[in-house]
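Summary of the model geometry
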Amino acid sequence: MQNNKYDYDVIYIGSGHAAFDGAKKLCKKGFKIAFVEVVAVGGTCPNWGCNAKITLDLPITLAKKQHRMSDIVEGDTKINWNANMKNKHAGIDSIKVNREATMKDLGMDVIHGFAKFTNNHTIEVAGEHYTSDKLVIATGLTPNKVDVQGTELSHDSKDFLNLDEMPKSMAIVGTGYIAMEFATLANESGADVTMLMHGDKALRGFYQPYVKQIVKEMENDGIKFIKNADIHAFSQSDNGYTVNYGDKKELNVEWILDASGRVPMVHNMGLEDIGVKYDDKKGVIVNEYLQTSVDNIYASGDVAATGQPKLTPTATFESGYLKHLFAGETDQPIDFPAIPSVVFTSPRISQMGVSVDEAAASDQYTIEKHEMARSWFRQATKEKIAENAYIFDQEHRLVGFTEISDQADNAIDTIVPAVNMHMNEEEIERNVHLFPSIGHDTWKNL
Ligand SMILES: Cc1cc2nc3c(=O)[nH]c(=O)nc-3n(C[C@H](O)[C@H](O)[C@H](O)COP(=O)(O)OP(=O)(O)OC[C@H]3O[C@@H](n4cnc5c(N)ncnc54)[C@H](O)[C@@H]3O)c2cc1C
Ligand SMILES: NC(=O)c1ccc[n+]([C@@H]2O[C@H](COP(=O)([O-])OP(=O)(O)OC[C@H]3O[C@@H](n4cnc5c(N)ncnc54)[C@H](O)[C@@H]3O)[C@@H](O)[C@H]2O)c1
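These figures come from a predicted structure and were not determined experimentally.

**Re the sheet that holds strand S8 (residues 169–173)**
Spatial ordering of the open sheet is given by S10-S9-S8-S14, a layout of four strands whose pairing is parallel. The two strands at the open ends of the sheet, each matched to only one other strand, are strand S10 (224–226) and strand S14 (255–258). When strand polarity is set aside, the average angle formed by the axes of neighbouring strands in this sheet is 20°. Both strand S9 (residues 192–196) and S10 contribute to a ladder of three bridges, which runs parallel. Bridge assignment links Leu196 to a residue of S10, and that residue is Ile226. Lying on the sheet, helix H7 (residues 177–188) is in contact with S8, S9 and S14; it crosses S9 at an angle near 165°.

Right, dumping it as structure tokens:
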């Protein structure tokens, strides 16, 4: 225990990566810690985010690879969605139980319920009060609901990740990360998928020439894209649901997924009463120390308005920074590295650091593009689409990267140190990679 005035040194509200990853190291330094969790210990990523999605995606990826190589790996591969879902439950459902056991083994407390501040050192959970020297708001995001008549008839990403049977037809609102990934899963699992676009661009933050190739592939697989859909209403019909959109147009489907974004969990927590400032869309306002407008209260992960990508590695990095700050190991502001992101479509798209568009608009950078589908390593598994772009600064250090390919996730992951350690040519040469490997295939262009 570091203080003798409060019940805890640090209370984390939320138990996801923005909380646990740093807390587990802090508690080893003698800090008394508690987590408050209203749904499931571990939060979004393991339970209804990354891990859950990827468990369902791996068989889909395998099936798609088999289709590409069906002249060699013969057979009519089909996804059994129900079995896929059972495998997801088998792998995922125990994570929250094991995570809570780990927390308790390490000496940290887990308080179940919804936390509300009563003053800047006290929270109330299910009628009990808990005090702490410092508090970290790590409450994450929750699905947005489009503001149309009948919006309650649509489902969210959590519902999708628990579907026992794949519906025959599905309308998906949006063309962001979740919409594009889940469309890929649903389409390969037999659903007739229609994407209802907010504008005319998918995956807005990514390099559009690559995104267009992904959309084309999805269209080739039978997914329909309706640009500028302008949705008016959802209603129940005899066999499912009707989406009213555009100029008196109708779409009849068995299931509607609203993937129109995610919004910060900042409401009903008493933040206004104690002076913690937030923005309804961006989240809790923080300074460069992740400190809120109240000195002893911090925010971490998806809910913190840092302008960083709302991803698990960001949450882990912020949680780790707070560990160093609270333990007195740093008094410096948080210094974010370039954070890689990937959309798990087929092919996938990944990017980090300076984007191609930013580089093209400046004379500070050069862009080197590579047509990787010609590489024998990609040809071996018959990858049709594989391209990447490397962005270099004036000293020819790598500062950005983007790739479209089935291995774009692994390709970017190998290149992360080259970007974030600002490696020069000599340092790059000292990194010898396995051969053959995606790492070798990606570093050889540097
Ligand atoms: C479908 C989906 C797929 C994703 N896929 C990826 C991916 O492949 N890669 C990637 O990097 N990122 C992915 N993400 C994003 C990633 O899951 C998040 O960035 C990450 O989980 C954020 O962690 P966090 O700790 O900030 O928030 P969360 O993990 O959301 O944790 C917040 C926790 O706080 C709890 N909580 C909220 N309010 C209160 C309260 N008042 N009292 C008590 N508890 C409260 C919530 O129940 C929740 O458990 C995905 C997200 C989704 C939804
Ligand atoms: N692979 C990954 O790392 C991964 C996967 C899933 C989610 N995530 C994280 O979760 C976050 C949320 O994902 P998401 O897909 O929900 O959000 P998103 O911001 O990526 O996409 C939202 C989509 O909804 C559309 N939209 C917005 N308002 C709309 C409206 N009123 N009507 C119709 N469409 C509308 C947008 O144009 C966009 O296409 C992401 O930003 C990301 O940080 C990451």
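**Considerations on the site of ligand 1**
Taken together, 33 residues lie around ligand 1, and Gly14, Gly16, Gly43, Gly140 and Gly301 are the ones closest in. Going through the elements one at a time, helix H1 (17–27), strand S2 (33–37), helix H2 (44–48), helix H3 (50–68) and helix H10 (312–326) are the ones with two or more residues in the shell around ligand 1. Split into classes, the residues belonging to the shell around ligand 1 amount to 17 nonpolar, twelve polar and four charged.

**Focus on the environment of Gly140**
By the secondary structure assignment, Gly140 is in the loop between strand S6 (128–137) and strand S7 (141–143). Spatially, the C-alpha atoms of Gly140 and Ala304 are 8.1 Å apart, while their sequence positions differ by 164 residues. Sequence-distant contacts of Gly140, that is, excluding residues within four places in its chain, are made with Gly14, Gly16, Gly43, Thr44, Met265, Gly301, Asp302 and Val303.

**Things to note about the pairing of S9**
For S8 and S9, the ladder comprises five bridges, and the chain directions are parallel. Bridging across to S9, Ala171 finds its partner in Thr194. This β-α-β element, S8 to H7 to S9, shows right-handed connectivity.

**Some details on the UniProt feature "domain: Pyridine nucleotide-disulphide oxidoreductase dimerisation" (unreviewed entry) in the protein chain**
Per the UniProt entry, the sites bearing "domain: Pyridine nucleotide-disulphide oxidoreductase dimerisation" (unreviewed entry) are residues 339–439 in this numbering. Helix and strand shares over residues 339–439 are 30% and 29% respectively, and the end C-alpha atoms of the span are 18 Å apart.

**Details of the domain arrangement of the protein chain**
By convention, interface size is frequently given as the accessible area that disappears when the constituent parts associate. Here the domain parsing of the protein chain yields domain 1 (8–143 + 263–326), domain 2 (151–260) and domain 3 (347–443). Using C-alpha coordinates to define each centre, domain 1 is positioned 30 Å away from domain 3.

Cut-offs and rules
Residues numbered from 1 in each chain as written. Chains lettered and ligands numbered in written order. Predicted model: local features only at pLDDT ≥ 70, side-chain atom pairs only at ≥ 80, totals over all residues. Pairing = 2+ DSSP bridges. Helix = DSSP H or I, 4+ residues; strand = E, 2+ residues; numbered from the N terminus. Axes fitted to C-alpha atoms, helices over the stretch in contact; angles between N-to-C directions. Contact = placed C-beta atoms within 7 Å. Near = placed C-beta within 6 Å. Nonpolar A, V, L, I, M, F, W, Y, C, P; charged D, E, K, R; others polar. Right-handed = clockwise from strand over helix to strand, strands pointing away. UniProt positions renumbered as here; feature names shortened; annotations may be inferred. Domains from an automatic or database assignment.

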